[in-house]
Amino acid sequence: MELAGKTVFQFGRSIQGGLAKCPVQDWEEAAWARGLKTGLIRLESYFFRVGSGKRSPLSFFIRTDADLYVGLRRESITQAATYVSLVTDYGYSRAQTRFESRWMDVVVYNPTGHAWIYAENKASHKTLEKLCRRLATEFIDDIPAVDLEKKTVDDALMKARHIWKNRPPYFWAVCPTEHRPYAVRYQSTGFSLQRSDALPAVSEWS
């Protein structure tokens, strides 16, 4: 890409720096290996496709409106690993586990077609912590309306609206160095998150 003039100056060095700052974790590497072996992650030509919920290829890089690649989208590595983990570690079927379903990174649907687990990925612990803190306490009494057609939308509010609309009983927040399972507690005016010890396995569907 650099030779083709599609990147900013010293793009390769920027990618190396990003991976040095936030290296690929053992669980991510193992999940990618399982995903490639089982076909959950597919190499097609020079790009990857993941799961069945997204038609476009997985994007590893951040691209500007001017069509220049400017950095690594570290979250993509974690996102694909999260999808594979839900299928291979927790036993959810490929058909009911969707990659990038509307505004959530990964979604598991139960046998009746209702949302069961929403999984959200962030590239860093700090960003994940901020999202979880807001979702856990900020939307108990009210969930403000949001214009999803706007170019920039409050990320936590967007997630909160989607949770409130689809009512998944579980939320899984994942970054490279931490997995946070939550039970979603609904009230008449909103919801909160309660930290759980682990996500339910498919055998716990009810």
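It should be noted that the structure appears before, not after, this text.
Treat the numbers as computed from the prediction; the structure is a model and nothing was measured.

Colleague: Just to check I follow, could you spell out the pairing of strand β8 (residues 170-175) for this structure?
Modeller: Most of β8 sits out of view: 5 of its 6 residues are buried. The pairing of strand β7 (residues 115-121) with β8 spans 5 bridges and is parallel. Across the sheet, Tyr118 pairs through a bridge with Phe171, a residue of β8. Relative to strand β9 (residues 178-186), β8 runs antiparallel, the two sharing 6 bridges. By the bridge assignment, Trp172 is partnered in β9 with Pro181. Linking two consecutive strands that pair antiparallel, namely β8 and β9, is a turn of 2 residues.

Colleague: Please explain the packing of helix α4 (residues 125-137) against helix α5 (residues 155-166) as it appears in this structure.
Modeller: Packed helices, taken two at a time, are described by the angle their axes make and the gap between the axes. Between α4 and α5, the shortest axis-to-axis distance is 10 Å and the interhelical angle comes to 50°. Judged by the angle between their axes, α4 and α5 are oblique. Between α4 and α5 lies a crossing whose hand is right-handed. Here α4 contributes Leu131, Arg134 and Leu135 to the contact with α5, which in turn contributes Asp155, Ala156, Lys159, Ala160 and Ile163.

Rules of the game
- Residues numbered from 1 in each chain as written.
- Predicted model: local features only at pLDDT ≥ 70, side-chain atom pairs only at ≥ 80, totals over all residues.
- Heavy atoms only, no water.
- Buried < 20%, exposed > 50% of the residue type's maximum accessible area, 1.4 Å probe, protein only.
- Helix = DSSP H or I, 4+ residues; strand = E, 2+ residues; numbered from the N terminus.
- Pairing = 2+ DSSP bridges.
- Axes fitted to C-alpha atoms, helices over the stretch in contact; angles between N-to-C directions.
- Parallel < 35°, antiparallel > 145°, perpendicular 65-115°, else oblique.
- Left-handed = near helix turned anticlockwise from the far one by under 90°.
- Contact = heavy atoms within 4.5 Å.

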